[in-house]
Amino acid sequence: MNRVVCPGSFDPITFGHLDIIKRASSLFDEVIIAVMVNQTKKTLFTVEERIEMVREVTSKYPNVKVDSWSGLLVDYCKKNDISIIVKGLRAVTDFDYELQMSQVNLQLQEVETLFLSTAPAHSFLSSSLVKEIASYGGDVSSYIPAALLERLKDRLAGN
Ligand code: PNS
């Protein structure tokens, strides 16, 4: 079985992430979304909340599963017998960092990284940008699924 992992913080998941996940799900037998826990990165939503939101908006894809991981991504891959990481590449500015990570992951555990170029409509989109716009009361309904809009608004209001 051709199983791949799509890792990320998903704080929250955006239409940019969903585009990559949908395309990966049509290319591979199984896609596991790994919601990563990074102790040094402060997130707006807890890992449980991020998992719940990712599950909610990807439930229509039968070959997409959601999991979480705290630690090196390559260790997750090894534990689950996965040899391919799929990531979206938005712009040249993503490249240096993504290249570095992919080379480290290749060297550590021989895990390959395949990059899908982000659809042009999402090339500027990031969870950080969504949070910033929403924190000033801006409309983010073109950037994240409708089901998550209230949750984001509530959290930014301090709930
Ligand atoms: O959505 P993000 O925060 O941009 O995703 C980044 C993520 C979580 C995919 C990346 O930081 C990662 O793979 N972290 C896991 C820890 C790890 O394996 N680090 C070594 C890679 S060089």
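Residues numbered from 1 in each chain as written. Predicted model: local features only at pLDDT ≥ 70, side-chain atom pairs only at ≥ 80, totals over all residues. Heavy atoms only, no water.

Per an unreviewed UniProt entry, the protein chain goes by Phosphopantetheine adenylyltransferase and derives from freshwater metagenome. What the UniProt record of the protein chain gives under Catalytic activity (unreviewed entry) is the line "(R)-4'-phosphopantetheine + ATP + H(+) = 3'-dephospho-CoA + diphosphate". (UniProt positions renumbered as here; feature names shortened; annotations may be inferred.)

(A) Representation of the nonpolar core within the structure. The biggest cluster of nonpolar side chains holds 32 residues, and the ones touching the most others in it are Ile13 and Val86. Those elements giving two or more residues to this core turn out to be strand S1 (3-8), helix H1 (15-27), strand S2 (30-37), helix H2 (47-58), strand S3 (64-70), strand S4 (84-89), helix H5 (127-135) and helix H6 (146-156). Looking at this core, the element that brings in the most residues is H2, giving five residues. Discounting residues that sit within four places of it in the chain, Val86 has contacts with Val4, Val5, Cys6, Pro7, Ile20, Ala24, Phe28, Leu114 and Leu116. If you look at the next biggest cluster of nonpolar residues, it comprises twelve residues, including Ile32, Ala34, Val74 and Val111. (Core = buried A, V, L, I, M, F, W, Y, C linked by side-chain atoms within 4.5 Å. Buried < 20%, exposed > 50% of the residue type's maximum accessible area, 1.4 Å probe, protein only. Helix = DSSP H or I, 4+ residues; strand = E, 2+ residues; numbered from the N terminus. Contact = heavy atoms within 4.5 Å.)

(B) Representation of the sheet that holds S4. Strand order in the open sheet formed by five strands is S3-S2-S1-S4-S5, and the pairing between neighbours is parallel. Every other strand in the sheet has two partners, leaving S3 and strand S5 (112-117) as the edge strands with one partner each. The average undirected angle you get between the axes of adjacent strands in this sheet is 35°. Where S1 lies against S2, six bridges are found, and the strand directions are parallel. Along S2, the bridge assignment pairs Arg3 with Glu30. Packing of H1 onto the sheet brings it into contact with S1, S2, S3, S4 and S5, and relative to S5 it is tilted by some 120°. Across the sheet, helix H4 (residues 92-109) is in contact with S4 and S5; its angle to S4 comes to roughly 175°. (Pairing = 2+ DSSP bridges. Axes fitted to C-alpha atoms, helices over the stretch in contact; angles between N-to-C directions.)

(C) Representation of H4. With 18 residues, H4 extends 26 Å between its outermost C-alpha atoms, agreeing within 8% with the 26 Å of an ideal straight helix rising 1.5 Å per residue. In the structure, H4 departs most strongly from a straight axis at Glu98, where the bend amounts to approximately 30°. Along H4, the residues classified as buried are Asp94, Glu98, Ser102 and Asn105. The elements touched by buried residues of H4 are helix H3 (73-79), S4 and S5. (Expected span 1.5 Å × (residues − 1). Bend = angle between axes of the 7 residues up to and from the residue.)

(D) Inspection of the UniProt feature "domain: Cytidyltransferase-like" (unreviewed entry) in the protein chain at higher detail. Here the UniProt-annotated "domain: Cytidyltransferase-like" (unreviewed entry) positions come out as residues 5-132. Along residues 5-132 the backbone is 44% helical and 24% strand, and the end-to-end C-alpha distance reaches 28 Å.

(E) How the structure looks around H5. The set of residues buried in H5 consists of Ser127, Val130, Lys131 and Ala134. Looking straight down H5, one finds that the buried residues subtend no more than 95° of arc, so they occupy a single side. Those residues of H5 that are buried are in contact with H1 and H6. Directly beyond the C-terminal end of H5, a positive phi value near 85° is found at Gly137. (Arc of directions from axis to C-beta.)

(F) Focus on the site of the ligand. Around the ligand, the surrounding shell holds 13 residues, and the nearest of these are Ser9, Met36, Lys41, Leu72 and Leu73. Contacts to the ligand include Ser9, whose side-chain N or O atom sits 2.5 Å from an oxygen atom. Between the ligand and Leu73 there is a distance of 2.8 Å, counted from an oxygen atom to a backbone nitrogen or oxygen. Considered on its own, the ligand offers 550 Å² of accessible surface; in the complex 71% of this is hidden by protein. Breaking the shell around the ligand down by element, the ones donating at least two residues are S1 and H4. No other element matches H4, which puts four residues into the shell around the ligand. (Near = heavy atom within 4 Å. Polar contact = N/O pair within 3.5 Å; in protein donor to acceptor, adjacent residues only side chain to side chain. Areas by Shrake-Rupley, 256 points an atom, 1.4 Å probe, with all protein chains shown as cover.)

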